[in-house]
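# Structural overview
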Amino acid sequence: MSRLDEKQTAEVVAAAAAGDRRAWEQLVDAYSGLVWAVTRNHRISAADASDVSQTTWLRLVEHIDRLNDPTRVGAWLATTARRECLRVIGQARRTTPVGTDEELEDRAAPPLDVDAALLSLEEQGQVERAMSRLSGRCQELLVLLMSDPPPSYEEVSLILGMPVGSIGPTRGRCLRRLEQELAAEGIEHARRDILLR
Amino acid sequence: MSSSPGKVGVSEAPRAVREAALAAFDARRPGTPVLDLARDLPVATTVGEPGRPPYRELRFAQEGAPAVTVEVDGADDDLVLKVRIEWARSQDYRLEVSGISGLGLPVVKGKPPFEVSGVLPGLTSLLLSTGVAGSPDEQRWQTAWVRL
């Protein structure tokens, strides 16, 4: 894997967007391991992982001239690969409902608890406001680590350009800061523990 | 907000995966706007047709461009695509269904909706155009790649 610094990354992305195949090869050299690791981390089959990997690179072909921040193409690829994995997993979980109306009704989802849903939405707003007051670095790190499944520390290191050894301590500091902000939003201690677990 | 690290680290991708990533570059169509995948859902069949798999509905859209809805049905090795195109302007289109392997390139022309049969499964993108090919009034779009 050939590491690229921010300046090199931006230059290589721009060159690939302009049609330079050698630049594309540099991107593949630098990030194919990351994309592969993200797909395999989702425990999908090797065939599905290959599909997801190729689809991820096709997405980059489609969007390479529309990236908001070309220096963060690694994060973009990791996020896209994760999203494609979840789509594959979601498709595999979908089943055809077959049976009588009564049988299907028995299997239907339980009715929505509107009060609980509203509370959840309110909390979501509080969490979003609390998050927005954290530093950009903390926001990036916590959002990344909240992914399901979470990325490995090696992936986080590559995506955010942080040494692996500093991820745990930084996460701890960011979570403490987030807890303070959640408290400022009026979320009670017991509930904060659940949210931050 | 659990965040225990996963066990899989970053390693080399297998050669075939790396080659597929390189091949993705050859599938680009410079200057052709991409209609992003906005929806990908199975549409369940009715209770009266037990055993029949759901068909799949894909929708592609982009601001200032036609919205394309594709219904995917048929057998695994002979897919049938029903393609609807929504845009402010009603006009003739040329629709090409292309695979990443370059195999199977059905082309239809005229006013939508279109029905295209004999489509092979695999990574697929639709290429849509209006106007006279090669003329200044020609407009082209491609859908995002999806695996059919």
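Below or above, wherever it landed, is the structure these notes cover.

### Some points on the overall build of chain A
Of the regular secondary structure elements, chain A holds 10 helices and 0 strands. When the helices and strands of chain A are placed in sequence order, the string is α-α-α-α-α-α-α-α-α-α. Across the 197 residues in chain A, those meeting the buried criterion constitute 33%. Relative to all contacts within chain A whose residues are 6 or more apart in sequence, the contacts with residues 24 or more apart total 66%.

### Here's the deal with the pairing of strand β8 (residues 123-130) of chain B
All names here are of chain B. The pairing of strand β5 (residues 93-99) with β8 spans 6 bridges and is antiparallel. Looking at β8, one finds that S98 is bridged to S125. Note: β8 against strand β10 (residues 146-147), 2 bridges, orientation antiparallel. Opposite L123, over in β10, you have R147 as the bridge partner.

### A look at the packing of helix α2 (residues 21-41) of chain A against helix α1 (residues 15-26) of chain B
Remark: α2 of chain A packs on α1 of chain B, axes separated minimally by 9 Å, with the N-to-C direction vectors making an angle of 140 degrees. Judged on the interaxial angle alone, α1 of chain B and α2 of chain A are oblique. Read as a crossing pair, α2 of chain A and α1 of chain B show a hand that is right-handed. In contact with R21, W24, E25, V28, S32 and W36 of chain A of α2 of chain A, α1 of chain B contributes V17, R18, A21, L22 and F25 of chain B. The class makeup of the residues in the contact of α2 of chain A with α1 of chain B is 7 nonpolar, 1 polar and 3 charged.

### Describing the nonpolar core
Membership of the largest hydrophobic core comes to 71 residues, with the highest contact counts inside it found for L27, L34, V35, V61 and L77 of chain A together with A24 and V68 of chain B. No other element matches the 10 residues that α2 of chain A contributes to this core. Composition of this core by domain shows at least three residues from each of domain 1 (6-93) and domain 2 (116-196) of chain A.

### Some remarks on the packing of helix α7 (residues 136-145) of chain A against helix α9 (residues 164-184) of chain A
Working note: a packed helix pair is described by the angle between its axes plus the distance between those axes. All names here are of chain A. Between α7 and α9, the least distance of the axes is 10 Å, while the angle of their chain directions is 100 degrees. As judged from the angle between their axes, α7 and α9 are roughly perpendicular. Here α7 contributes C138, L141, L142 and L145 to the contact with α9, which in turn contributes T170, R171, C174, R177 and L178. Looking at side-chain class alone, the contact of α7 with α9 contains 6 nonpolar, 1 polar and 2 charged residues.

### Brief notes about α2 of chain A
Residues and elements named next belong to chain A. Helix length check: α2 (21 residues) gives 29 Å between terminal C-alpha atoms against 30 Å at 1.5 Å per residue, within 8%. Largest kink in α2: about 50 degrees, centred on Y31. Within α2, 15 of the 21 residues are buried, which leaves it mostly tucked inside the rest of the structure. Positive backbone phi, at 55 degrees, marks R43, one or two positions downstream of α2.

Procedures and definitions
Residues numbered from 1 in each chain as written. Chains lettered and ligands numbered in written order. Predicted model: local features only at pLDDT ≥ 70, side-chain atom pairs only at ≥ 80, totals over all residues. Helix = DSSP H or I, 4+ residues; strand = E, 2+ residues; numbered from the N terminus. Buried ≥ 20, exposed ≤ 12 C-beta atoms within 10 Å, placed from the backbone. Contact = placed C-beta atoms within 7 Å. Pairing = 2+ DSSP bridges. Axes fitted to C-alpha atoms, helices over the stretch in contact; angles between N-to-C directions. Parallel < 35°, antiparallel > 145°, perpendicular 65-115°, else oblique. Left-handed = near helix turned anticlockwise from the far one by under 90°. Nonpolar A, V, L, I, M, F, W, Y, C, P; charged D, E, K, R; others polar. Core = buried A, V, L, I, M, F, W, Y, C linked by C-beta atoms within 7 Å. Domains from an automatic or database assignment. Expected span 1.5 Å × (residues − 1). Bend = angle between axes of the 7 residues up to and from the residue.

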